[in-house]
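Letter by letter, the chains look like this.
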Amino acid sequence: MATRLPAARNNSVKATAAPTRRGRPPRKVYINVLVKATTRDGLAKLKASGPLASQGEVIDELVERVLSVKTRNGT
């Protein structure tokens, strides 16, 4: 039979955690596409200039921005 741990007594201090995400976590997939050398260099420069950890995250960010602009413009 499982036993319960006693409840924490100090509930006034809240942990500063990231907000909980509802639903499934984002799915990561691999994509293998042919790009120009200049595109690859640009991805590397964008990755190095910001907080993004990979060229894939750079692509994710760029796609997200383009989609938000298109949504705002109604196209």
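Just above sits the structure.
Cut-offs applied
Residues numbered from 1 in each chain as written. Predicted model: local features only at pLDDT ≥ 70, side-chain atom pairs only at ≥ 80, totals over all residues. Heavy atoms only, no water. Helix = DSSP H or I, 4+ residues; strand = E, 2+ residues; numbered from the N terminus. Buried < 20%, exposed > 50% of the residue type's maximum accessible area, 1.4 Å probe, protein only. Areas by Shrake-Rupley, 256 points an atom, 1.4 Å probe, with all protein chains shown as cover. Salt bridge = Lys/Arg side-chain N within 4 Å of Asp/Glu carboxyl O. Patch = residues over 30% accessible without salt bridge, like charges linked within 9 Å, V, L, I, M, F, W, Y side chains within 5 Å. Axes fitted to C-alpha atoms, helices over the stretch in contact; angles between N-to-C directions. Parallel < 35°, antiparallel > 145°, perpendicular 65-115°, else oblique. Contact = heavy atoms within 4.5 Å. Nonpolar A, V, L, I, M, F, W, Y, C, P; charged D, E, K, R; others polar. Expected span 1.5 Å × (residues − 1).

Participant: Just to check I follow, could you spell out the overall build of the chain for this structure?
Facilitator: Along the chain, the regular secondary structure elements total two helices and zero strands. In the chain, which comprises 75 residues, the proportion classed as buried is 3%. Carbon and sulfur atoms provide 57% of the accessible area of the chain, an area that totals close to 8100 Å².

Participant: What's the story with the pattern of salt bridges in this structure? I'm lost.
Facilitator: Side chains carrying opposite charge are able to pair once their charged atoms draw close together. Scanning all chains against the criterion turns up one salt bridge. Two residues, R65 and E61, come together in a salt bridge whose shortest N-O distance is 3.0 Å. With R65 and E61 both in helix 2 (residues 55-73) and four residues apart, this pair spans about one turn of that helix. Overall, the relative accessible area of 28% leaves E61 in the partly exposed class.

Participant: Would you explain a nonpolar patch on the surface in this entry?
Facilitator: A surface patch of nonpolar side chains, amounting to about 300 Å² of accessible area, comprises I31, V33 and V35. Relative to the helices and strands, V33 resides in the segment before helix 1 (37-49). Here V33 falls in the exposed class, since its relative accessible area comes to 53%.

Participant: Quick question: what am I supposed to make of the packing of helix 1 against helix 2 here?
Facilitator: For any two helices packed against each other, one specifies the crossing angle of their axes together with the interaxial distance. Interaxial distance between helix 1 and helix 2 falls to 9 Å at its minimum, and their mutual angle equals 90°. One finds that helix 1 runs roughly perpendicular with respect to helix 2. Here helix 1 contributes R40, L43, A44, L46 and K47 to the contact with helix 2, which in turn contributes Q55, V58, I59 and L62. In the contact of helix 1 with helix 2, the residues fall into six nonpolar, one polar and two charged.

Participant: Would you mind going over helix 2 with me for this structure?
Facilitator: Three or four residues apart is the spacing at which side chains of an α-helix point the same way, because the helix has 3.6 residues per turn. Relative to the 27 Å expected for 19 residues at 1.5 Å per residue, helix 2 spans 27 Å between its end C-alpha atoms, a close match to the ideal helical length. After helix 2 finishes, the residue G74 shows a positive phi value of roughly 75°.

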